[in-house]
Amino acid sequence: MRLTSPRRRALQLLICLGAVLVSTFAYKAYPPLFRGLAGFGRPSTILPSRVGYRAVRGGKSLRREKVLARADVAGVPDWQSLIAEAESTSTGQRLKQEYAEREKGEGKPHTDAKIRLFGAKESDVRITLYRDRAAWCPYCQKVWIMLEEKKIPYRINHINMRSYGPKPDEFLDKVPSGLLPAIELDGDLYTDSISIMQLLDDEFKDYGPRMVPPDQSKRIEELYQLERRLFGEWCRYMFEPGMPNLGFLTDGRKSSFEKLLTRVDSELKKSWDSKSNPWFLGGDSPSLIDLQFITHVERMEASCVYWKGMRIRKSKWPNIDRWFDAFEARESYRATKSDFYTHIMNIPPQYGGTYPDLDNPDVEESIAFIGGKSWNLPSPYLDDMGNQRRQPINRKNLQGESWTLPIPNYDEGSWEPITAPFKVTPEEARHEAAYEMVSNYENIVKFACRGNGDRGQVIYTAPLADPFAKADPGCKDDTDMLLRMAVTGLLRDQVPKFDASSIPEERRGELAKCVKYLRDRVGVPRDMSFPAAQHLRAYLHHLVEILTPTTKTAQASFAEAQ
């Protein structure tokens, strides 16, 4: 039937109205599709995640029979008992005191702080810092460190990065670009980390040390250009593919990158020779240039070790070593520093795909060690004394999934050494992990059950970010029991053991997914310190191995429990 002109116009009007209604519904239901995406949101909990693309999956039954009761796990304490036990430890008492100070805007810098006063009144706070919820963004990190160094009172508002989850409308109303970091100073909004740091140094001259000494403007500009060149060469080395039979191209990129590291080292040497000072501009504290360098060099260190088998620290740049040590001696930096695993999970979504040097046997070893791909015991990477072997690793050893007990050594010879300012006793690390778990156990149990739940309907570039995922309620009771077993082990230095043979194989797989989901999303510094994170990941992985045994260690625990 041919439509007359009035009918055609009426049909067009109906189509337009329908499109408007559909768009409005989609915008309200899935605003990230229209406003851009950012990381996993941390719902007032520890241990939400940085990563995740998933498609919609079939629903699960809401309730299934508890199966761990059949596995002879009687005697596992309830959460209230575990809370009391965690709080009674010296580490628990310290963390509880730090939390009380943090609530008042005082104490040490911390990722969970909502306001920092430095002795000022709350009414005197002029700044709100908008930084990433994952505590990973390098541009947010440098502004965060600067505020701490100068002790400028400020409030903190956590916002997702684009690849991890949606940004709230109230933030986008203020910053339509969604860029992070942003600061609100006396009601005005500013973005771009360099501009923000220059503004803060000018506006708050009487707070802390000057970060941009006026008499060194020429040297500051020269060093800034050096940092931009170093960043560019790192990107070429890390994110551009090599070509078959043309390895000299990759070698050339590495050589160019190393030459610039040598130049950076020589610039730091100038300050050391003239003023016995580790900083680029001298003085007793870092400058804006030091902050500009450190946040990217920290990520360069992790990525070069993991994907290229190349070390920056403890290698051939002694002044960079001294500079890193000086930063790690400062609380402002330690509170913001990530571990290598957190970095390697966050770098690709932010910068692009990386290209590991798989012809280098050290790369196989570093990937396995840092990424937790083969820490099964007996480890192919540790000798009888617990030290890392320095020998080529056969690819067949790169099996397994993640961290295991006992924890490997992290001394100066390891791929990721725990340096002196971060070192704690194993007991302190275990008790910190346990305290963080019991402090938010209800949300953490629910979060872990996402592992066997329905995935979010929005695709994210970060592989572990899944902010719209739904937990599987049918896994709640058994997952709760498993996590209590892990916390009990952390508090009492006991390796969890139970007989899982009576649990149906399919059910074991479902519960293993829940524990893995949590294990892989423990972030540093967002959730806890590096030593604590290593212990928690290992205890969770041990439970996964009991449920789905793939290694001799897990099979031994499985058999011993019987």
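What counts, and at which threshold
Residues numbered from 1 in each chain as written. Predicted model: local features only at pLDDT ≥ 70, side-chain atom pairs only at ≥ 80, totals over all residues. Heavy atoms only, no water. Helix = DSSP H or I, 4+ residues; strand = E, 2+ residues; numbered from the N terminus. Buried < 20%, exposed > 50% of the residue type's maximum accessible area, 1.4 Å probe, protein only. Contact = heavy atoms within 4.5 Å. Pairing = 2+ DSSP bridges. Axes fitted to C-alpha atoms, helices over the stretch in contact; angles between N-to-C directions. Core = buried A, V, L, I, M, F, W, Y, C linked by side-chain atoms within 4.5 Å. pLDDT = per-residue confidence, 0-100. Salt bridge = Lys/Arg side-chain N within 4 Å of Asp/Glu carboxyl O. Phe/Tyr/Trp six-rings, centres within 6.5 Å; stacked < 30°, edge-to-face > 60°. Parallel < 35°, antiparallel > 145°, perpendicular 65-115°, else oblique. Left-handed = near helix turned anticlockwise from the far one by under 90°. Nonpolar A, V, L, I, M, F, W, Y, C, P; charged D, E, K, R; others polar.

Now for the environment of L179. With respect to the helices and strands, L179 occurs in the loop between α6 (169–174) and β4 (182–185). Using a relative accessible area of 45% as the deciding quantity, one classes L179 as partly exposed. Residues L179 and R162, 17 residues apart in the sequence, show an inter-C-alpha distance of 8.9 Å. Setting aside its immediate chain neighbours within four residues, L179 contacts R162, F171 and T191.

Turning our attention to the sheet that holds strand β2 (residues 127–132). Pairing in this open sheet of five strands is mixed, and the strands run β1-β3-β2-β4-β5 from one edge to the other. The open sheet has two edge strands, β1 (115–116) and β5 (188–191), and neither has a second partner. In this structure, β1 lies alongside strand β3 (residues 154–159), joined through two bridges in antiparallel fashion. Within β3, the position partnered with R116 by the bridge is Y154. Contacting β1, β2, β3 and β4, helix α5 (residues 138–150) crosses the sheet at an angle of about 145° to β2.

Formed by 140 residues in total, the largest nonpolar core has its most connected members in L200, F257, F293 and W323. If you tally residues by element for this core, the top one is helix α10 (residues 288–308), at 12 residues. Contacts of F293, omitting those with residues within four sequence positions, involve L223, L226, E227, L230, V264, F280 and W323.

Moving on: the environment of P549. Relative to the assigned elements, P549 resides in the loop between α19 (530–547) and α20 (552–561). In this structure the C-alpha to C-alpha distance between P549 and A500, which are 49 residues apart in sequence, comes to 9.8 Å.

Turning our eyes to something else, we now look at the side chain of E258. Tracing the sequence through the fold places E258 in helix α9 (residues 247–275). We classify E258 as buried; its relative accessible area is 17%. Setting aside anything within four residues of it in sequence, one finds E258 in contact with M310, K316 and W317.

It is worth spelling out the confidence of the model for the protein at this point. With 77% of its residues at a pLDDT of 70 or more, the protein has an overall mean of 81. Every residue in residues 19–63 is under pLDDT 50, and counting partners more than four places away or in other chains gives 156 contacts. Across residues 551–562, where pLDDT falls below 50, the model places 24 contacts with residues more than four positions away in sequence or in other chains.

Counted according to the given criterion, the structure contains 30 salt bridges. With a shortest N-O distance of 3.7 Å, R253 and E240 are connected by a salt bridge. Highlighted residues: R253 in helix α9 and E240 in the loop between α8 (217–239) and α9, separated in sequence by 13 residues. Looking at R253, the relative accessible area reads 10%, which means it is buried. Its relative accessible area of 32% is what places E240 among the partly exposed residues. Shared partners join several salt bridges into a network, and the residues in it are K150, D201, D202 and R210.

Right, let's get into the packing of aromatic side chains. Enumeration according to the criterion identifies 18 aromatic pairs in this entry. Centre to centre, the rings of W79 and Y441 are 4.7 Å apart; their planes meet at 15°, and the pair counts as stacked. You can see W79 sitting in helix α3 (residues 79–88) and its partner Y441 sitting in helix α16 (residues 441–448), a full 362 residues away along the chain. Exposure remark for W79: the relative accessible area of 6% places this residue in the buried category. Residue classification places Y441 among the buried residues on the basis of a relative accessible area of 17%. Pairwise contacts between aromatic rings join W279, F280, F293, W323, F324, F327 and Y333 into one cluster.

The description of two packed helices rests on the angle between their axes and on the distance between the axes. Running from amino to carboxyl end, helix α17 (residues 476–492) crosses α19 at an angle of 130°, the nearest separation of the two axes being 10 Å. The pairing of α17 with α19 is recorded here as oblique in orientation. By crossing handedness, the relation of α17 to α19 is classed as right-handed. Taken together, the residues of α19 that come into contact with α17 (itself represented by L482, L483, M485, A486, G489 and L490) are H535, L536, Y539, L540, L543 and L547. Residues that form the contact of α17 with α19 fall into these classes: 10 nonpolar, two polar and no charged.

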